[in-house]
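Each chain is listed here by its residues.
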Amino acid sequence: IIVCLQRKELFTMKLVFEKNNLVKAVDIVQKAVTVRTTMNILECILIDAESNCIKLTGNDLDLGIETTLEGEIIEKGSVAIDAKIISDLVKKLPDMPITIEADDKNIVTVTCEKKNYRLNGLPAEEFSYLTEVEKNVSITVSQLELKDIIKQTKFSLSPNDNNPIMTGELFEVKNNNLKVVALDSHRIAIRNLNVDYDGNIYVIIPGKSLTEIERILEADNDKKVTIYFSDNHAMFEFNSTRVVSRLIQGDYFNINKMISNDYETKLEVNRKDLIDAIDTEMIFIKESDKRPVILNITDNNILLSVKSTLGEGKEEVEVEKEGKDIKIGFNPKFLLDALKVIDDETVTLTFVNAMSPCFIRDGEGSYIYLILPVNFVED
């Protein structure tokens, strides 16, 4: 007599989710998952239901994101699962409850109505949990304020890591003021915000981390985010999510030496009019050309001009000018990057001479943008 013994699966985890809740949570934590790595565990998200709540975590060791979501815990447990596969899969499932089960061999079963999928997971023990950050030093701002601050500075970050300091933003708190600074070799972006903290904080947060945080934050002035700081990490807590970022070590640039209130020419101009004019002039500039837009500032107007192999354009914009006439050239993209993140209807630009930077700032000092000019040859 031959007896066939069929192994009975031992489920060590069984959870049921509403599709929208699961999709949103996976999308949040996937932002901290490494795309290209030789370590399979870094391509995974952790599903942890060992306690009385369900947490999803992504962690590439520089940036970690953990979020808590609603779901029914039928059997407690945990498993690591490939982030891209589970993300792609749950988005394609019907808008019905989704069951995720894992057995003692880390085989994961995903079920939704009549659809059933099996995929290989990894032991939860191999996953790196978020670094614990002490909650001794912190500031609290609205989610809208932090989202805006990141959006209004991140474009000035250096796109490469030849100098790691330039790939991060300075968060400096002094005298109840938060100053956020980003710069590359051509420009500086500064935002200031009042906060309820009278101590000193001086850290450099990677731009990559801030970009992912901005994508998760809600544009809501009533919802708060608390930022905790330690020697090596910053932790952002908001809604049901924790984001832990490793800090960039080193000394930031002495920004105060680069910022000046002196000027020989000051003008006020309608922001939208100036944006529209620069946008139009850029039609005649190939990206490979790197031709400047030339601003010829005289009484009550700016004459913007561009000349390239594609043609030439000229356009006048009315301004209110104080001081000397000036003719100066800029990379048009750098001007647009700053102008497009400002909300004011009218902006103030100041200049010392054609070889010195342009400053764009408001009267309250909530933002300052410094843009270096470029040389140009008169035809």
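See the structure above.
Residues numbered from 1 in each chain as written. Predicted model: local features only at pLDDT ≥ 70, side-chain atom pairs only at ≥ 80, totals over all residues. Heavy atoms only, no water.

A. Fine view of the overall build of the protein. Broken down by element type, the protein carries 6 helices and 25 strands. Considered along the principal axes of its C-alpha atoms, the protein spans approximately 105 × 50 × 35 Å. In the protein, which comprises 379 residues, the share counted as buried stands at 50%. Taking the intrachain contacts of the protein between residues at least 6 apart in sequence as the baseline, contacts between residues at least 24 apart amount to 68%. For the protein, the exposed area adds up to about 19,700 Å²; of that, 46% sits on carbon and sulfur atoms. Averaging the coordinates of the 45 positive side-chain charges in the protein and doing the same for the 64 negative ones gives two points 5 Å apart. (Helix = DSSP H or I, 4+ residues; strand = E, 2+ residues; numbered from the N terminus. Buried < 20%, exposed > 50% of the residue type's maximum accessible area, 1.4 Å probe, protein only. Contact = heavy atoms within 4.5 Å. Areas by Shrake-Rupley, 256 points an atom, 1.4 Å probe, with all protein chains shown as cover. Lys, Arg positive; Asp, Glu negative; His and termini not counted. Charge placed at Lys NZ, Arg CZ, Asp CG, Glu CD.)

B. A look at the environment of Asn-175. Within the secondary structure, Asn-175 is located in the loop between β11 (168-174) and β12 (177-183). In this structure, the C-alpha to C-alpha distance between Asn-175 and Arg-361, residues 186 residues apart in sequence, is 21 Å.

C. How the structure looks around the packing of helix α5 (residues 271-281) against helix α6 (residues 332-340). Axis separation between α5 and α6 bottoms out at 10 Å; the angle between their running directions is 150°. In terms of orientation, α5 and α6 fall into the roughly antiparallel class. The chirality of how α5 crosses α6 is left-handed. Residues Arg-271, Leu-274, Ile-275, Ile-278 and Asp-279 of α5 form the contact with α6, whose participating residues are Pro-332, Leu-335, Leu-336, Leu-339 and Lys-340. (Axes fitted to C-alpha atoms, helices over the stretch in contact; angles between N-to-C directions. Parallel < 35°, antiparallel > 145°, perpendicular 65-115°, else oblique. Left-handed = near helix turned anticlockwise from the far one by under 90°.)

D. Highlighting the pattern of salt bridges. One pass over the structure, following the stated rule, counts 20 salt bridges. Of the charged contacts in the structure, one is a salt bridge between Asp-62 and Arg-246, with a shortest N-O distance of 3.1 Å. Here Asp-62, found in the loop between β3 (54-59) and β4 (63-69), pairs with Arg-246, found in strand β17 (residues 241-246); they are 184 residues apart in sequence, far enough to count as distant. According to the relative accessible area criterion, Asp-62 is partly exposed, its value standing at 46%. Judged by relative accessible area, Arg-246 falls into the partly exposed class, the value being 37%. (Salt bridge = Lys/Arg side-chain N within 4 Å of Asp/Glu carboxyl O.)

E. Region of interest: the environment of Glu-287. Tracing the chain through its elements places Glu-287 in the loop between α5 and β19 (293-298). Given a relative accessible area of 76%, Glu-287 falls into the exposed group. C-alpha of Glu-287 to C-alpha of Ser-185: the two residues are 102 residues apart in sequence and 19 Å apart in space.

F. Molecular detail of unusual backbone geometry. In the Ramachandran plot, Asn-106 falls in the positive-phi region, its phi being about 65° despite a non-glycine side chain. Counting through the fold element by element, Asn-106 comes out in the loop between β7 (98-103) and β8 (107-112). Positive phi is not limited to glycine here, since Glu-113 has a value of about 50°.

G. Layout of the sheet that holds strand β21 (residues 311-323). Strands sit in the order β14-β11-β12-β13-β25-β24-β23-β18-β21-β20-β19-β22 across an open sheet of 12 strands; the sheet is antiparallel. Looking at which strands have only one partner, the edges of the open sheet turn out to be β14 (201-206) and β22 (326-330). Shown here is a sheet whose adjacent strand axes are inclined to one another by a mean of 25°, direction ignored. Bridge analysis of β11 against β12 gives 5 bridges, and the strand direction is antiparallel. (Pairing = 2+ DSSP bridges.)

H. Fine view of the side chain of Ser-356. Looking at the secondary structure, you find Ser-356 in the loop between β23 (346-351) and β24 (358-361). Accessibility expressed as a relative area gives 17% for Ser-356, which makes it buried. A distance of 2.9 Å separates a polar atom in the side chain of Ser-356 from a polar atom in the side chain of Asn-353. Residue contacts for Ser-356: discarding those within four places in its chain leaves Ile-328 and Pro-373. (Polar contact = N/O pair within 3.5 Å; in protein donor to acceptor, adjacent residues only side chain to side chain.)

I. Representation of the sheet that holds strand β2 (residues 44-48) within the structure. Here 8 strands make up an open sheet; going across it, the order is β6-β2-β3-β4-β17-β16-β15-β10 and the pairing antiparallel. The open sheet terminates on both sides in strands that have one partner only, identified here as β6 (78-82) and β10 (138-142). With direction set aside, neighbouring strand axes in the sheet form an average angle of 20°. Across 4 bridges, β2 lies against β3 in antiparallel orientation. Looking at β3, one finds that Asp-48 is bridged to Lys-55. The strands touched by helix α1 (residues 19-29) are β2, β3, β4 and β17; relative to β4, the strand with the most contacts, the crossing angle is about 165°. Across the sheet, helix α2 (residues 83-92) touches β2 and β6, and the angle it forms with β6 is around 85°.

J. Seen up close, the packing of aromatic side chains. Applying the stated criterion across every chain yields a total of 4 aromatic pairs. Their ring planes at 35° and their centres at 5.8 Å tell us that Tyr-367 and Tyr-369 sit as a pair that is tilted. Across the pair, Tyr-369 and Tyr-367 agree in class, each one buried. (Phe/Tyr/Trp six-rings, centres within 6.5 Å; stacked < 30°, edge-to-face > 60°.)

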